[in-house]
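The primary structure of each chain is shown beneath.
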Amino acid sequence: MIVADQFQPSTFVDAFRFIGDHGHLLLQKTGEHLELSLASLGIALVLALPLGLWLGHLRRGLFVALGVSSVGRALPSLVLIAFGLTVLGVGFWNNTAALTILAIPSILTNAYFGIAGVDRDVVEAARGMGLSERQILLRVELPLGLPLVLAGIRIATIFVLATATIAAIAGGGGLGEIIVNQASYGLEGVVGASFCVSALTLLAALLLGLVARAASPRHLSDT
Amino acid sequence: MNVLAGGPVIPNFGSGSSCEQTNGWWCTDWLSAHWGDTLQPALVQHVELSLIAVGIGFAFSLVLALAGYRFRLLDPPIGVVADFLYTIPSLALFQLLVPLTGLTVTTVEIALVSYTLLILYRNIVAGLSGVPADALEAARGMGFTRLQTFVRVELPLAVPAIVAGLRIAVVSTISIATVAAFVIPQGLGRPIFIALNQDLFKTEILAAGGLAIALALVADGLLVLAQRALTPWSRA
């Protein structure tokens, strides 16, 4: 074990040299990282988004939305990955399952509160105009609740990208594989990969922030 | 992974109880034998790491929130910095601090505190901003000074939002503190790492993981009770 017990800021210089020298490796690991994260996010979206939107539309299941979010927050990602490892073994699906479970709460809860928070009068007006329940959800409630729904997806994305780093201990690959493997890559490799994964999450957060801004209704964003 | 191999407790699959040899899910004999030297110290360390982080984080956030609340111009930049810190993956942030502060508790606490800032700052500012103008007007009418208004009107009315923030901060800090075991041999992440290195010893993973979840839920429950005690009017 390489111990850095003293102040070694020069490691940062070495870390950037590592990034420069190992571009190919880092790109490959970033690819794995994205693959794992996007697969988990995709599954979580398919499972949680329709459920959250529909429960929000019915304005029922507040208990479910709150319960899922608080239990979800209390589940440490490391614990979930370790559980997944014991039950499902090493590999892609163990990590995908763990990350999916971690992504669901914020997507579900924000979808619920985004839709349930839409002004009731507006919904009643739409119903009075003869819109079907599906049309009300898709044409009235979803556009109005979109900022909150997207915020949930943004939080889930950041969370999944961050946790995919830890998934390396369960054979998930990705940039975390370099971070947890100091014996092979040295502290400069660990710090270099940490920079890369931080840049990745920041970029994702920024992009999704821009999407959320573009999607929010003009007249609401002005206030 | 091999970084944290070893340690005092190694489930002995060769000569342990039959439950240990078959890597059982719940080996009572192992748990009773190793509660004192493994799980209990890890739990105590975990509580310490989390309490220190939330305590310091709360103090910082309160000062920052007061600044952001009084001087509105400061609010966006503080929010952006807190948001930025919050986005960095915990494992990466721990490692990025290692060249500066080493494999120490300081490294872990700096990272944990950074993660509490966004949640606490946003909630305290939201709580203070949400105080009704009528209440402030009434306080002025009663001849309260600015300090009195703050301590006796604004702060109490902001308690629900502040506690809501504290709940999220405490629960997520307890969760992230398990990752601290990557840099220091402390907290409930430590037995999990050891078990992962010992042929995935299930009992230890389940027990340590269960303790982390239970700790988060208990802390959350305590904060709910604290809020009820602090805001007796909300029950009326």
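Residues numbered from 1 in each chain as written. Chains lettered and ligands numbered in written order. Predicted model: local features only at pLDDT ≥ 70, side-chain atom pairs only at ≥ 80, totals over all residues. Heavy atoms only, no water.

**Q** With reference to specific residues and values, describe the layout of surface pockets.
**A** Residue and element names in this part refer to chain B. The calculated volume of the second largest pocket comes to roughly 280 Å³. Contributing to the lining of the second largest pocket are 14 residues, with L51, V170, I174, A219 and L223 lying nearest its centre. For the lining of the second largest pocket, the secondary structure elements donating two or more residues are α2 (28–70), α7 (146–177) and α9 (202–230). With six residues, α2 is the single largest residue contributor to the lining of the second largest pocket. Residues belonging to the lining of the second largest pocket are distributed by class as follows: 11 nonpolar, three polar and no charged. (1 Å grid on protein atoms, 1.4 Å probe; cavity = no way out; pocket = protein on both sides within 12 Å on 5 of 7 lines; lining within 4 Å. Points joined across faces, edges and corners; volume = space filled by probe spheres on them. Helix = DSSP H or I, 4+ residues; strand = E, 2+ residues; numbered from the N terminus. Nonpolar A, V, L, I, M, F, W, Y, C, P; charged D, E, K, R; others polar.)

**Q** Any chance you could break down the interface of chain A and chain B for me, citing the residues and the numbers?
**A** Each partner contributes residues to the interface: chain A has 42 residues there, and chain B has 39 residues. Around 3,500 Å² of area is buried between chain A and chain B when both sides are counted, 78% of it from carbon and sulfur atoms. Ranking the residues of chain A by area buried against chain B places R73, L78 and T86 of chain A at the top, with a combined share of 16%. The tally of links from chain A across to chain B stands at one salt bridge. Taken together, the connections running from chain A to chain B amount to two residue pairs in polar contact (both at pLDDT 80 or more). Secondary structure elements with two or more residues in the side of chain A that touches chain B: α1 (10–21), α3 (62–74), α4 (77–88), α7 (133–166) and α9 (182–215) of chain A. A total of 11 residues in the side of chain A that touches chain B trace back to one element, the largest contributor, which is α9 of chain A. Here the side of chain A that touches chain B is built from residues that sort into 30 nonpolar, nine polar and three charged. (Contact = heavy atoms within 4.5 Å. Buried area = accessible area lost by both parts, 1.4 Å probe. Salt bridge = Lys/Arg side-chain N within 4 Å of Asp/Glu carboxyl O. Polar contact = N/O pair within 3.5 Å; in protein donor to acceptor, adjacent residues only side chain to side chain.)

**Q** An account of the side chain of S69 of chain A is needed here, citing residue identities and associated values.
**A** Its place among the elements puts S69 of chain A in helix α3. Among the polar contacts listed, one links the side chain of S69 of chain A to the backbone oxygen of L66 of chain A, at a separation of 2.9 Å.

**Q** Explain helix α8 (residues 189–197) of chain B to me, using residue names and the numbers behind them.
**A** The buried fraction of α8 of chain B amounts to eight of the nine residues, a majority that puts the element mostly inside the structure. Among the residues of α8 of chain B, G189, R190, P191, I192, F193, I194, A195 and L196 of chain B are the ones counted as buried. Summarising the contacts, the buried residues of α8 of chain B are in contact with α4 of chain A together with α2 and α9 of chain B. (Buried < 20%, exposed > 50% of the residue type's maximum accessible area, 1.4 Å probe, protein only.)

**Q** I'd like a rundown of the nonpolar core, residues and numbers included.
**A** If you look at the biggest cluster of nonpolar residues, it comprises 100 residues, and the most contacted ones within it are I169 of chain A together with F94, V108, F182 and L196 of chain B. Top element by residues in this core is α9 of chain B. It accounts for 10 residues. Among the nonpolar cores identified, the runner-up in size contains 10 residues, and A65, I124, L128 and I162 of chain B belong to it. (Core = buried A, V, L, I, M, F, W, Y, C linked by side-chain atoms within 4.5 Å.)

**Q** Lay out the confidence of the model for chain B with the relevant residues and their values.
**A** Residues and elements named next belong to chain B. Overall, the prediction assigns chain B a mean pLDDT of 88, with 92% of residues at 70 or greater. Per-element confidence in chain B ranges from a low mean pLDDT of 76 for helix α1 (residues 18–21) to a high of 94 for helix α5 (residues 105–129). Across the predicted assembly, pTM comes out at 0.87 and ipTM at 0.86. (pLDDT = per-residue confidence, 0-100.)

**Q** Run through the environment of L137 of chain A, naming residues and quoting values.
**A** Residue and element names in this part refer to chain A. Position of L137 relative to the elements: it lies in helix α7. In this structure L137 comes out as buried when scored by relative accessible area, which is 8%. Beyond its immediate chain neighbours, meaning those up to four positions away, L137 contacts L53, W54, H57, I115, L142 and P143.

**Q** Go over the packing of aromatic side chains with me, naming the residues and quoting the values.
**A** For the structure shown, the criterion picks out eight aromatic pairs over all chains. Both rings, one in Y112 of chain A and one in F113 of chain A, keep their centres 5.1 Å apart while their planes meet at 85 degrees; by these two values the pair is edge-to-face. Residue Y112 of chain A is classed as buried on the basis of its relative accessible area, which comes to 5%. With 4.5 Å between their ring centres and 80 degrees between their planes, F182 of chain B and F193 of chain B make a pair best called edge-to-face. Placement of F182 of chain B in the loop between α7 and α8 and of F193 of chain B in helix α8 is noted, with a sequence separation of 11 residues between them. By the burial criterion, F182 of chain B is buried, and F193 of chain B matches it. An aromatic cluster is defined as three or more aromatic residues linked by ring pairs; in this entry it consists of F12, F16 and F195 of chain A. (Phe/Tyr/Trp six-rings, centres within 6.5 Å; stacked < 30°, edge-to-face > 60°.)

**Q** How would you explain a nonpolar patch on the surface if you had to name every residue and give the values?
**A** A surface patch of nonpolar side chains, amounting to about 320 Å² of accessible area, comprises L62, L66, F113 and L148 of chain A. The residue L66 of chain A is located in helix α3 in this model. (Patch = residues over 30% accessible without salt bridge, like charges linked within 9 Å, V, L, I, M, F, W, Y side chains within 5 Å. Areas by Shrake-Rupley, 256 points an atom, 1.4 Å probe, with all protein chains shown as cover.)

**Q** Account for the packing of α1 of chain A against helix α2 (residues 23–58) of chain A, with residues named and values stated.
**A** Residue and element names in this part refer to chain A. The N-to-C vectors of α1 and α2 enclose an angle of 80 degrees; their axes lie 5 Å apart at closest approach. Looking at the two axes, α1 sits roughly perpendicular to α2. Across from F18, I19, G20 and D21 in α1, the residues of α2 making contact are G23, L25 and L26. (Axes fitted to C-alpha atoms, helices over the stretch in contact; angles between N-to-C directions. Parallel < 35°, antiparallel > 145°, perpendicular 65-115°, else oblique.)

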